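Per-entry structural report
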Protein chains: 2
Amino acid sequence: MKELSPSLEDYLEAVYTLSRPEGFARASRVSALLKVSKPSVSAAMRTLGARGLVDQQRYACIRLTPAGLKAGAEIAGRHSLLKDFFTAILGLEEKKAEQDACRAEHALSREALLRLGRLSLFLKARPRGALLAAARTCVRGRTCK
Amino acid sequence: MKELSPSLEDYLEAVYTLSRPEGFARASRVSALLKVSKPSVSAAMRTLGARGLVDQQRYACIRLTPAGLKAGAEIAGRHSLLKDFFTAILGLEEKKAEQDACRAEHALSREALLRLGRLSLFLKARPRGALLAAARTCVRGRTCK
DNA sequence: TGATTAAGTTAGTCAAGACTAACTTTAGCA
DNA sequence: TGCTAAAGTTAGTCTTGACTAACTTAATCA
């Protein structure tokens, strides 16, 4: 099982996300979501197909294989963990958090993400949110005593 | 001023780091540090030279221009901020922290890094390190109450 | 001072990942 | 049912960033 490139992870994540409602994705939706040309999607699907992550028949809907579903869920999980950290802990604006999560999700190790998630939980779990509020205020650069 | 690619940022950071002691860097040291062939360094230096970040004469030492020094310092700063966060807050092992910092330093926005730095400070500044210790224990996955 | 070795460059190749233009298939409707 | 528009694919190109092999320049030491 070779590692997926950041680019292929993005495609897989897009397929995963778009598949949620109906169980399949269309290449044109992937193309629109990732802001990438249709031929690029086509090529990427061929690669993901060759790796056994999507089930691709010519001109048909894109469906994830069980392995693809698992991998897609993992990537989407990394994304939402990071986005949550960026908004809930660092207080980044929604759009910015989304962008940062998109890029950082390919960069951090499993271990770092796991611990970052725990840190999030820890900070959110303090009594009555007092600590989190203090941390967030600090992080926003207002007061930090 | 166009954005540098992750790859070019790595080269610039390496030149910056290697320049610290003596004021210049050698292509062979860069090659060894980044684990990349000498021709790759050569090509990268030509690009950085064209962007006005290094002062490159054929067969000579590599020196940063003032702009290159500024950009290099910024990249190195991002790196050390992240590495510190990964070790001091998340408790990652040194080597792992280094690897994660290398990759994440190209992915996070200025804003996110700024806030991450403040979060580090905040967590380290709590009285007698009690909070930090608790956070770190939690992040390591032992207890988290 | 000249030969040898280390450092650096050039030339040529490759793969990934993007694009456009042009073609094919599918699907929907008159 | 057949035509048309949308969806998807193929073919061909480009850029980036890496590599090896072979060459050139610089530096060192006998």
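What this report covers is the structure whose coordinates are included nearby. (Residues numbered from 1 in each chain as written. Chains lettered and ligands numbered in written order. Predicted model: local features only at pLDDT ≥ 70, side-chain atom pairs only at ≥ 80, totals over all residues. Heavy atoms only, no water.)

Notes on the relation of the copies chain B and chain A
Between chain B and chain A, which share one sequence, the superposing operator has a rotation angle of 180 degrees and an axial displacement of 0.0 Å; the RMSD is 0.1 Å. On the angle and the small slide along the axis, the relation comes out as a two-fold axis. In terms of C-alpha distance to the rotation axis, chain B has Ala 104 of chain B as its closest residue, with the C-alpha 3.1 Å off the axis. Looking at chain B, 100% of its interface residues are interface residues in chain A too, so the copies touch through the same face. (Least-squares fit on C-alpha atoms with pLDDT ≥ 70 in both. Contact = heavy atoms within 4.5 Å.)

Thoughts on the protein's contact with DNA strand C
Neighbouring DNA strand C are 19 residues; Ser 5 and Ser 40 of chain A together with Ser 28, Ser 42 and Arg 58 of chain B lie closest to it. Taking the atoms of DNA strand C that fall within 4 Å of the protein, sugar and phosphate contribute 74% of them. Within the side chain of Ser 42 of chain B, one N or O atom sits 2.6 Å away from a phosphate oxygen of DNA strand C. For DNA strand C, a phosphate oxygen lies 2.6 Å from a polar atom in the side chain of Arg 58 of chain B. Looking at the surface near DNA strand C, the elements with two or more residues in it are helix 1 (6–22) and helix 3 (38–50) of chain A together with helix 2 (27–34) and helix 3 (38–50) of chain B. The leading source of residues in the surface near DNA strand C is helix 3 of chain B, at four residues. (Near = heavy atom within 4 Å. Polar contact = N/O pair within 3.5 Å; in protein donor to acceptor, adjacent residues only side chain to side chain. Helix = DSSP H or I, 4+ residues; strand = E, 2+ residues; numbered from the N terminus.)

Some remarks on the packing of helix 4 (residues 66–89) of chain A against helix 7 (residues 130–140) of chain A
All names here are of chain A. The geometry of helix 4 relative to helix 7 is characterised by a closest axis approach of 9 Å and an angle of 85 degrees between their N-to-C directions. It follows that helix 4 is roughly perpendicular to helix 7 by the angle criterion. When helix 4 is examined against helix 7, the residues Thr 87, Ala 88 and Ile 89 are found in contact with a partner set consisting of Leu 132, Arg 136 and Val 139. Residues belonging to the contact of helix 4 with helix 7 are distributed by class as follows: four nonpolar, one polar and one charged. (Axes fitted to C-alpha atoms, helices over the stretch in contact; angles between N-to-C directions. Parallel < 35°, antiparallel > 145°, perpendicular 65-115°, else oblique. Nonpolar A, V, L, I, M, F, W, Y, C, P; charged D, E, K, R; others polar.)

So, the interface of chain B and chain A
Put simply, an interface is often sized by how much accessible area is lost when its parts join up. Tallying the contact residues gives 32 residues for chain B and 32 residues for chain A. Together, the buried faces of chain B and chain A total about 2,700 Å²; carbon and sulfur atoms form 67% of this surface. Three residues, Arg 115, Leu 119 and Phe 122 of chain B, lead the burial of chain B against chain A; their summed loss comes to 21% of the area buried on that side. Applying the counting criterion to the chain B and chain A interface returns zero salt bridges. Contributing elements (two or more residues each) for the side of chain B that touches chain A: helix 4 (66–89), helix 5 (94–104), helix 6 (110–125) and helix 7 (130–140) of chain B. Per element, the largest residue contribution to the side of chain B that touches chain A is eight residues, and it comes from helix 6 of chain B. Of the residues belonging to the side of chain B that touches chain A, the class tally is 19 nonpolar, four polar and nine charged. (Buried area = accessible area lost by both parts, 1.4 Å probe. Salt bridge = Lys/Arg side-chain N within 4 Å of Asp/Glu carboxyl O.)

Structural notes on the protein's contact with DNA strand D
Of all residues adjacent to DNA strand D, which total 19 residues, the nearest are Ser 28, Lys 38 and Ser 42 of chain A together with Ser 5 and Ser 40 of chain B. Restricting the count to atoms of DNA strand D within 4 Å of the protein gives a sugar and phosphate share of 73%. Here a phosphate oxygen of DNA strand D and a side-chain polar atom of Ser 42 of chain A are 2.6 Å apart. Within the side chain of Ser 5 of chain B, a nitrogen or oxygen atom sits 2.4 Å from a phosphate oxygen of DNA strand D. Of all the elements in the fold, those that place two or more residues in the surface near DNA strand D are helix 2 (27–34) and helix 3 of chain A together with helix 1 (6–22) and helix 3 of chain B. Here the element with the most residues in the surface near DNA strand D is helix 3 of chain A; it accounts for four residues.

Considering empty space enclosed by the protein
Across all of its chains, the model carries one cavity of 30 Å³ or more by this definition. Reported here for the largest cavity is a volume of approximately 90 Å³. Among the secondary structure elements, those contributing two or more residues to the lining of the largest cavity are helix 4 of chain A together with helix 4 of chain B. Of the residues contributing to the lining of the largest cavity, the split by class is 12 nonpolar, no polar and no charged. (1 Å grid on protein atoms, 1.4 Å probe; cavity = no way out; pocket = protein on both sides within 12 Å on 5 of 7 lines; lining within 4 Å. Points joined across faces, edges and corners; volume = space filled by probe spheres on them.)

Remember that the coordinates give geometry; whether it matters functionally is a separate question.
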